[in-house]
Amino acid sequence: MKIFPAIDLRDGKAVRLFQGDYEQMTVYSEDPVAVAASFREQGAENLHVVDLDGAKDGKLVNYDTIKEIVDGVRMFVEVGGGIRDEEKIRQYLEIGVGRVILGTVAVRDPEFLETMVRKYGERIAVGVDARDGYVAVNGWKEITDRESFEFCRYLKDIGVRTVIYTDISRDGSLEGTNMEAYRRLREIEGLEIVASGGISFEQEISQLKDIVSAAILGKAIYSGRLDLRRAVELAR
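Description of the structure in this document. All figures in this text were calculated on a predicted structure; none of them were measured in a lab.

Turning our eyes to something else, we now look at unusual backbone geometry. In terms of backbone geometry, most residues other than glycine have negative phi values and most peptide bonds are trans. For Asp11, which is not glycine, the phi dihedral falls at a positive 55°. In this structure, Asp11 sits in the loop between β1 (2–10) and β2 (13–18). Classification of Asp11 as exposed rests on a relative accessible area of 56%. Residue Asp132 is not a glycine yet carries a positive backbone phi of 55°.

Running from amino to carboxyl end, helix α1 (residues 32–41) crosses helix α3 (residues 63–72) at an angle of 30°, the nearest separation of the two axes being 9 Å. Considering the angle they form, α1 stands roughly parallel to α3. Regarding α1 and α3, the two cross each other, and that crossing is right-handed. Across from Pro32, Val33 and Ala36 in α1, the residues of α3 making contact are Thr65, Glu68 and Ile69. Within the contact of α1 with α3, the residues separate by chemical class into 4 nonpolar, 1 polar and 1 charged.

In this section: helix α11 (residues 228–235). Buried within α11 we find Leu228, Ala231, Val232, Leu234 and Ala235. Along the axis of α11, the buried positions cluster into a sector of 165°, meaning they face one direction only. Along its buried surface, α11 packs onto β1, α1, α9 (202–208), β12 (214–217) and α10 (219–222). Two or three places before Arg229, at the opening of α11, Asp227 has a side-chain oxygen 3.3 Å from that residue's backbone nitrogen.

One ladder, built from 3 bridges, connects strand β7 (residues 124–131) with strand β8 (residues 134–137); its direction is antiparallel. Directly across from Asp129, in β8, lies its bridge partner Ala136. With 3 bridges joining them, β8 and strand β9 (residues 142–147) adopt antiparallel strand pairing. Across the sheet, Val137 pairs through a bridge with Glu142, a residue of β9.

Analysis parameters
For every chain, the first residue of the written sequence is number 1, and numbering continues from 1 along that sequence. Residues qualify for local features only when their pLDDT is at least 70, as the model is predicted, and side-chain atom pairs are given and counted only at 80 or more; totals for whole chains, interfaces and linings, by contrast, use all residues. Water and hydrogen atoms were dropped before computing side-chain values, which therefore reflect all heavy atoms in the structure. The helix and strand labels rest on DSSP assignments: H or I over at least four residues marks a helix, E over at least two residues marks a strand, and numbering proceeds from the N terminus. When accessible area is computed with a 1.4 Å probe and restricted to protein chains, residues below 20% of their type maximum are described as buried, those above 50% as exposed, and intermediate ones as partly exposed. Whenever a helix is involved, its axis is fitted only over the stretch in contact; in every case the axis is a line through C-alpha atoms, and angles between N-to-C directions fall within 0 to 180 degrees. Convention used here: angles under 35 degrees read as roughly parallel, angles over 145 as roughly antiparallel, angles from 65 to 115 as roughly perpendicular, and any remaining angle as oblique. Each crossing is labelled by how the near helix is turned from the far one, with a counterclockwise turn of less than a right angle marking it left-handed and a clockwise turn marking it right-handed. Contacts are assigned to residue pairs with any non-hydrogen atoms lying within 4.5 Å of each other. In this classification, the charged set is Asp, Glu, Lys and Arg, the nonpolar set is Ala, Val, Leu, Ile, Met, Phe, Trp, Tyr, Cys and Pro, and all remaining amino acids, among them Gly, are polar. Think of it as the arc spanned by the lines of direction from the helix axis to the C-beta atoms. For the purposes of these results, a polar contact is taken to be a pair of N or O atoms within 3.5 Å, where, inside protein, one atom must be able to donate a hydrogen and its partner to accept one; residues adjacent in sequence count only when each atom of the pair is a side-chain atom. A pair of strands is treated as paired once DSSP finds two or more bridges between them.

From the geometry alone we can't say anything about function, so treat these as descriptive.
Written out as structure tokens, the structure is:
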């Protein structure tokens, strides 16, 4: 299992939100490139980056900062947040981003999603953000009528290889992840699941290793609840 430490960007700073609430934001660093470098020094080979401003506004607000991160560290970087047209996908892939994550547009425009998956293959991932079992969009502000597990099955059927599944209610809570959701998602053969949201304990890393292909760690490593180097070792 791969470990993806997370860097969420707001106004060029590394921050964390509580359950996606922009009003409940903690700034952890003014230098996201240094944060990425420290993750690399602790053994992480992969990085999950979200442009929170982009997720809110549908623009590449933190593009320059993300380019600095990609140029500054030798890591596989996946990026999400406000990527809603092909030009933005191309811009990220051209600077060396390994995989782009589509969220709102994947729900709202299935034809566009299918076209991008055919064109870019494994370099397109879909972020499925769920609250009470239903998909949320627009920076988690709007809950749709799409059932999250059914949506993941549809994604697999159209050729999506990787889904990043987040239970919003667990995100930033430091109370543990929704293990049962990942056990259910494991039943979708051929779909690689990345666990995200609330992972806070070493035991969870050990359990997830047999269920999902990767796990995203956020607040738990920023707060010291989890040691990143130890998490990388456990995941191996």
